[in-house]
2 protein chains.
Amino acid sequence: MAHFRAEIDIMPHKELLDPQGKAVAASLQKLHFEDVEDVRIGRHITIKIKAKSKEEAAAHVEEACKKLLANAIMEGFHYQIHEA
Amino acid sequence: MAHFRAEIDIMPHKELLDPQGKAVAASLQKLHFEDVEDVRIGRHITIKIKAKSKEEAAAHVEEACKKLLANAIMEGFHYQIHEA
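Residues numbered from 1 in each chain as written. Chains lettered and ligands numbered in written order. Predicted model: local features only at pLDDT ≥ 70, side-chain atom pairs only at ≥ 80, totals over all residues. Heavy atoms only, no water.

## Concerning the sheet that holds strand E1 (residues 2–12) of chain B
Within the open sheet, the 6 strands sit side by side as E3(A)-E1(A)-E2(A)-E2(B)-E1(B)-E3(B). Their pairing is antiparallel. The open sheet has two edge strands, strand E3 (75–83) of chain A together with strand E3 (75–83) of chain B, and neither has a second partner. Strand-to-strand twist in this sheet, taken as the mean axis angle between neighbours without regard to direction, amounts to 25°. Where strand E1 (residues 2–12) of chain A and strand E2 (residues 36–51) of chain A come together, 9 bridges link them in antiparallel fashion. Paired with Ala6(A) across the strands is Ile47(A), a residue of E2(A). Strands in contact with helix H1 (residues 19–30) of chain A are E2 of chain A together with strand E2 (36–51) of chain B; relative to E2(A), the strand with the most contacts, it is inclined by about 125°. (Pairing = 2+ DSSP bridges. Helix = DSSP H or I, 4+ residues; strand = E, 2+ residues; numbered from the N terminus. Axes fitted to C-alpha atoms, helices over the stretch in contact; angles between N-to-C directions. Contact = heavy atoms within 4.5 Å.)

## Some points on the interface of chain A and chain B
Taken residue by residue, the interface counts 30 residues in chain A and 30 residues in chain B. Summed over both sides, the interface between chain A and chain B buries roughly 2,800 Å², with carbon and sulfur atoms accounting for 64% of that surface. Scanning the region where chain A abuts chain B turns up 0 salt bridges. Linking chain A with chain B are 14 residue pairs in polar contact (both at pLDDT 80 or more), by the criterion used here. Within the residue set of the side of chain A that touches chain B, elements represented by two or more residues are E1, H1, E2 and helix H2 (54–69) of chain A. Counting residues per element, the side of chain A that touches chain B draws most heavily on E2(A), at 15 residues. Grouping the amino acids of the side of chain A that touches chain B by side-chain chemistry returns 15 nonpolar, 6 polar and 9 charged. (Buried area = accessible area lost by both parts, 1.4 Å probe. Salt bridge = Lys/Arg side-chain N within 4 Å of Asp/Glu carboxyl O. Polar contact = N/O pair within 3.5 Å; in protein donor to acceptor, adjacent residues only side chain to side chain. Nonpolar A, V, L, I, M, F, W, Y, C, P; charged D, E, K, R; others polar.)

## Focus: the packing of H2(A) against helix H1 (residues 19–30) of chain B
Packing of H2(A) against H1(B) brings their axes to within 11 Å, and their N-to-C directions diverge by 105°. Classified by the angle between their axes, H2(A) and H1(B) sit roughly perpendicular to one another. Contact residues: Ala64(A), Leu68(A) and Leu69(A) in H2(A); Val24(B), Ser27(B) and Leu28(B) in H1(B). The residue inventory of the contact of H2(A) with H1(B), partitioned by class, reads 5 nonpolar, 1 polar and no charged. (Parallel < 35°, antiparallel > 145°, perpendicular 65-115°, else oblique.)

See below:
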C-alpha cells in the first residue's frame, strides 16, 4: 500500500449566486482593491489516503466527494492526487 | 489592463488541530473509507481581478490574503495566478 495526498476543491456551481463571495468582493472593494471583479468561495480539502495505486486512490476520493464531501445540487468538485 | 484569475487555498496551520477535518475523517471511516488517514479542511477562493501584469495581480492577491482573507494566527495561504 502506498500513501497518497488528494487536494480537492469544492466550489459553488457557476449558475448559483455565492452570497459569501459577493460579501467578500464588496469588502475588498471597500479596502481599495477596486480591481477585484468577482469572488467565489468554496472549500479546499486535503485527504491523506493509502491505496494500492494512484487510480485506486482517485476512485476512493471521487466516491468520497460524491457520498459525503460535496453537495451535488449546489457544488462541483475537482481534485488532484499526489504521491505522498 | 489584463484579466487574471487567482486560485487561493487557505488552510489551517499544520500545528493546529482541525476539528472539522477530524469529524469528516471519522465520518469517512464509518462510511467504509478505512484507508483515509487524515483530513484537513480549509477554504478555496477564486478571485477575478484586473491588473497591468501578472506580478501586479499577484501583489494585490497577496495583500488581500494578508488583510482580509486569511487569519495569519490560524491559517496559511498559497495561490496561483492564471491569465483569464
